[in-house]
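Given next are the chains, with one letter for each unit.
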Amino acid sequence: FRTYSVFGYKAFNKWSYSTTLEIKTQIFNTYPENKKTLTAAFLAPLDINAGIGMSYNLDKKFENHITKRLKLALNLSPLSVNFRYIGNDDVDETKFKLEKGKKTKTDLGSLVNADLTFNFNSFVTWTSRFKYFTDYESIVSELENKLDFSLNRYFSTSVYLYLRYDETSKKDEKLKYFQYNELL
């Protein structure tokens, strides 16, 4: 579950002074394959990120094609706070860069968020989301890409690729910093 909000005040052209708030957690429990050890649960972890900075918004319609459109929302937050909470005692907090026995961690850093939607035509749409947070000791970066094909009003296809680079997770031989997920 993820919710993302931006509040802005127009500065000049397509730029605004902005504050951002992102809250995310997972809803269901996660277990390693063929094991009963709980690795994540609802509110374990709960990540809250708030930032202050500038945002840029672009909405371009193409004259040569009526359904071709580009939307870009870019948020730069040089002052950002990332709060992490582990709300389940069965989840190992050290896997989420918390000290043993601690339930919360607060990091100060910088954040870049970008959302892009490009309608090639009325049948094909590409949606992309990029997030980069650093506390100047570690990096969390995410890139989501989704390509939607509408065949007609009854059938459609989506291709989804999610890339993540996370230095805040505990590194072991099986879990590396780079993760990916694809879905058709």
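The present account deals with the structure reproduced in this document. Predicted model only: the values in this text are computed from it and were never measured.

Thresholds applied
- Residues numbered from 1 in each chain as written.
- Predicted model: local features only at pLDDT ≥ 70, side-chain atom pairs only at ≥ 80, totals over all residues.
- Heavy atoms only, no water.
- Helix = DSSP H or I, 4+ residues; strand = E, 2+ residues; numbered from the N terminus.
- Buried < 20%, exposed > 50% of the residue type's maximum accessible area, 1.4 Å probe, protein only.
- Contact = heavy atoms within 4.5 Å.
- Areas by Shrake-Rupley, 256 points an atom, 1.4 Å probe, with all protein chains shown as cover.
- Lys, Arg positive; Asp, Glu negative; His and termini not counted.
- Charge placed at Lys NZ, Arg CZ, Asp CG, Glu CD.
- Pairing = 2+ DSSP bridges.
- Salt bridge = Lys/Arg side-chain N within 4 Å of Asp/Glu carboxyl O.

To continue, consider the overall build of the chain. For the chain, the count of helices and strands is zero helices and nine strands. Walking the chain from its N terminus toward its C terminus, one meets helices and strands in the order β-β-β-β-β-β-β-β-β. Principal axes of the C-alpha set define a box for the chain whose edges measure 60 × 45 × 25 Å. Looking at the chain residue by residue over its 184 residues, the buried ones come to 30%. Sequence-distant contacts, at least 24 apart, represent 48% of the contacts inside the chain between residues at least 6 apart. In the structure as shown, the chain presents an accessible area of about 12200 Å², 59% of it carried by carbon and sulfur atoms. Within the chain, the 22 negative side-chain charges are centred at a point lying 5 Å from the centre of the 27 positive side-chain charges.

Turning next to the pairing of strand 6 (residues 124-134). With ten bridges joining them, strand 5 (residues 104-119) and strand 6 adopt antiparallel strand pairing. In the strand pairing of strand 6, Phe118 is matched with Trp126. Hairpin remark: strand 5 followed by strand 6, antiparallel, with four residues in the connecting loop. Across eleven bridges, the pairing between strand 6 and strand 7 (residues 139-150) is antiparallel. Its bridge partner being in strand 7, Ser128 is matched across the sheet by Asn145. The hairpin formed by strand 6 and strand 7 contains four residues between the paired strands, and Tyr136 there has a positive phi angle of roughly 70°.

Before going further, it helps to examine the pattern of salt bridges. Within this structure, the stated rule accounts for 13 salt bridges. Its salt-bridge partner being Asp47, residue Arg84 comes within 2.7 Å of it at the nearest N-O pair. In this pair, Arg84 is assigned in strand 4 (residues 69-85) and Asp47 in strand 3 (residues 46-61), connecting sequence segments 37 residues apart. By relative accessible area, Arg84 is classed as buried at 11%. Since its relative accessible area comes to 11%, Asp47 is described here as buried. Among the charged side chains, a salt-bridge network with shared partners connects Arg2, Lys24, Arg129, Glu142, Glu144, Arg164 and Asp166.

We now examine the pairing of strand 3. Walk down a regular strand and you will see the side chains alternate between the two sheet faces. As paired strands, strand 2 (residues 15-25) and strand 3 are joined by eleven bridges and run antiparallel to one another. Note that in strand 3 the partner of Thr20 across the bridge is Gly51.

Any functional reading would require information beyond the geometric quantities listed.
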